[in-house]
Amino acid sequence: MSTDTDILIVGGGLAGPALALALARNGLSCHVLDAAPAETLGDPDFDGRAYALALSTRRMLDQLGLWSGVADKAEAIRDIRVSDGQAGQGASPLFLHFDHNEITEGPMGHMLEDRFLRRALATAVADHPAITLKHSARVVAQDSTPGNVSVTLEDGTKHHARLLIGADGRASGTAARAGISRTGWDYGQTSLVGALTVEKPHNGVAQQMFFPEGPLAVLPLTGQRVSIVWTESRDRARDIMAMDDEGYLAALRPRFGSYLGNIALAGKRYSYPLGLSLASAITAPRLALVGDAAHGIHPLAGQGLNLGLRDVAALAEVLVTAHRRGEDIGAADVLERYRRWRGFDIAMLATATDGINRIFSNDNPLLRLGRTLGLGAVNALPGARRRLIREAAGLTGDLPRLLQGQPI
Ligand SMILES: Cc1cc2nc3c(=O)[nH]c(=O)nc-3n(C[C@H](O)[C@H](O)[C@H](O)COP(=O)(O)OP(=O)(O)OC[C@H]3O[C@@H](n4cnc5c(N)ncnc54)[C@H](O)[C@@H]3O)c2cc1C
């Protein structure tokens, strides 16, 4: 059976469905194909992450009609505190403090658990008549001709469209089949992720503590809960994951400290090996990449999904504008607008997260002095601090309309 649609999206994770919604709400039909069975993606235990969604991302989710359904599950990030830790010791005194009251727009972001975001996206996609979502649909081949693109599924089914989108994650087969190479490396680190209950109120404060083995982020969730992203060397993380819950908490406590009182696990524990994986191009004939398929970065700044949704917002705006003008949405000059818009932002954030990880994930005394002096200086300058707060809130740069909270 072959089906025709405007756009084929390979990948029904987070970026793929968000793009389908943005396009379908503006008159373009989409097929979303995902290799995973519906039960896997619908399982609330599928992914233990909670995302730090920048203010601009929240505005976009609002524009897509998603925010009202998840607002009561999200926790505002009111303050960000950054501190430096030493090997074998807890976090040092604070050296960077961002308070949302320094900008006029409100909290710089919200924490939202994967299970709520994924479900909201899945429901909105299922409800939209211009979107067809197919699970257990692994794409194994693709082909493009001057006016058309097609994909073949594992079971031999073919789909045709005018444009193909790779939203299939950091091991993107869509990119590989189009001859797009990748650069990157393994960080030799693993992030341990989970939710904790805490004794004292977190007051909406996100803590980032840098240790030589990797950062520990403590992020506010609703109620007396926080989400941790605890990065250790790969071997140490493997040992910690093998411990029972008490051993896990005993290993965490010296890092975490006592500022939130007693801590306890509030759900399953997860682990994610870390690496950098950048596609050498984000477009090819009749093809565009979004999300981790274009750029898988270090999670230390909590920016991966925000970056992916910036791709989605920019690409949707380029394609919808082209469609309204009567242009061919898969034409090279249309895709070139997307490449020019996104290339710089992607390169900058990948370089920044990689650089911060290198500078902070070590115990070199010279680098330690440099980071204390450098960040101490930033902290003392209200103008520089405000710029970084606006950066964290996703309010800087050439923002697509969805990220400004405007319809396309
Ligand atoms: C520990 C950790 C913490 C993080 N915290 C944050 C945070 O606080 N804030 C933030 O913004 N980001 C964060 N991120 C990054 C964020 O999780 C990712 O950027 C995001 O999940 C990527 O979504 P995606 O839709 O691009 O890709 P994915 O979620 O990887 O989705 C890809 C989809 O493609 C499908 N697929 C693959 N191959 C095929 C095929 N051949 N055919 C059909 N389907 C296929 C897969 O089944 C999958 O569903 C974090 C990452 C980590 C590791």
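Chemist: I'm lost on the sheet that holds strand S4 (residues 50–54) in this one. Help?
Modeler: Note on sheets: strands pair through backbone hydrogen bonds, and any given pair is parallel or antiparallel. Strand order in the open sheet made by the three strands is S4-S8-S5, with antiparallel pairing throughout. The open sheet has two free edges, formed respectively by S4 and strand S5 (75–77), since each of these has just one partner strand. Each neighbouring strand pair of the sheet contributes to a mean axis angle of 30°, computed without reference to strand direction. The pairing of S4 with strand S8 (residues 109–113) spans five bridges and is classified as antiparallel. For Ala52, the partnering residue across the bridge sits in S8 and is Met111. Strands in contact with helix H5 (residues 114–127) are S4 and S8; relative to S8, the strand with the most contacts, it is inclined by about 85°.

Chemist: What should I look at first to understand the site of the ligand in this one?
Modeler: In the vicinity of the ligand there are 30 residues, among which Asp34, Arg49, Ala52, Asp292 and Leu305 approach most closely. At 2.9 Å from an oxygen atom of the ligand is found a main-chain nitrogen or oxygen belonging to Ala15. One of the backbone N or O atoms of Ala35 is found 3.0 Å from a nitrogen atom in the ligand. Those elements that place two or more of their residues in the shell around the ligand are S4, strand S14 (182–198) and helix H9 (304–324). A per-class count over the shell around the ligand returns 16 nonpolar, nine polar and five charged.

Chemist: What is the right way to look at empty space enclosed by the protein in this model?
Modeler: By rolling a water-sized probe across the atoms, one finds the places where empty space is left. Applying the stated rule across the entire model yields one cavity of 30 Å³ or more. If you add up the space inside the largest cavity, you get close to 40 Å³. If you trace the largest cavity, you find it lined by Gln208, Pro215, Leu216, Ala217, Val229, Thr231, His298, Pro299 and Leu300. Within the residue set of the lining of the largest cavity, elements represented by two or more residues are strand S16 (214–221) and strand S17 (225–233). Of the residues forming the lining of the largest cavity, the biggest block, three residues, is contributed by S16. Residues belonging to the lining of the largest cavity are distributed by class as follows: six nonpolar, three polar and no charged.

Chemist: I'm lost on helix H1 (residues 15–24) in this one. Help?
Modeler: For the α-helix, the turn length of 3.6 residues means that residues three or four positions removed from each other point alike. Burial runs high along H1: 10 of the 10 residues are buried. For H1, the set of buried residues is Ala15, Gly16, Pro17, Ala18, Leu19, Ala20, Leu21, Ala22, Leu23 and Ala24. Where the residues of H1 are buried, they touch strand S2 (7–10), strand S3 (30–33), H5, strand S9 (131–134), strand S13 (163–166) and H9.

Chemist: For this particular structure, what's the right way to read the pattern of salt bridges?
Modeler: Pairs may arise between side chains of opposite charge once their charged atoms sit close together. Scanning the model with the defined rule gives 24 salt bridges in all. In this structure, the salt-bridge partner of Arg310 is Asp345, at a minimum N-O distance of 2.8 Å. Here Arg310, found in helix H9, pairs with Asp345, found in helix H10 (residues 332–360); they are 35 residues apart in sequence, far enough to count as distant. Judged by its relative accessible area of 11%, Arg310 is buried. Of the charged contacts in the structure, one is a salt bridge between Arg337 and Glu327, with a shortest N-O distance of 2.7 Å. Within this pair, whereas Arg337 is found in helix H10, its partner Glu327 is found in the loop between H9 and H10, the two being separated by 10 residues in sequence. Judged by its relative accessible area of 24%, Arg337 is partly exposed. Residue class for Glu327 comes out partly exposed when judged on its relative accessible area of 22%.

Chemist: Mind showing me how you'd approach the pairing of strand S19 (residues 270–279) here?
Modeler: As a general feature of sheets, a regular strand has side chains that alternate between the two faces. When you tally the buried positions in S19, you get eight out of 10 residues, the bulk of the element. Strand direction decides the pairing type here: S14 and S19, joined by nine bridges, are antiparallel. Looking at the pairing, Trp185 lines up with Leu276 of S19. In this structure, S19 lies alongside strand S22 (residues 295–296), joined through two bridges in antiparallel fashion. Paired with Ser277 across the strands is Gly296, a residue of S22.

The rules behind the values
- Residues numbered from 1 in each chain as written.
- Predicted model: local features only at pLDDT ≥ 70, side-chain atom pairs only at ≥ 80, totals over all residues.
- Heavy atoms only, no water.
- Pairing = 2+ DSSP bridges.
- Helix = DSSP H or I, 4+ residues; strand = E, 2+ residues; numbered from the N terminus.
- Axes fitted to C-alpha atoms, helices over the stretch in contact; angles between N-to-C directions.
- Contact = heavy atoms within 4.5 Å.
- Near = heavy atom within 4 Å.
- Polar contact = N/O pair within 3.5 Å; in protein donor to acceptor, adjacent residues only side chain to side chain.
- Nonpolar A, V, L, I, M, F, W, Y, C, P; charged D, E, K, R; others polar.
- 1 Å grid on protein atoms, 1.4 Å probe; cavity = no way out; pocket = protein on both sides within 12 Å on 5 of 7 lines; lining within 4 Å.
- Points joined across faces, edges and corners; volume = space filled by probe spheres on them.
- Buried < 20%, exposed > 50% of the residue type's maximum accessible area, 1.4 Å probe, protein only.
- Salt bridge = Lys/Arg side-chain N within 4 Å of Asp/Glu carboxyl O.

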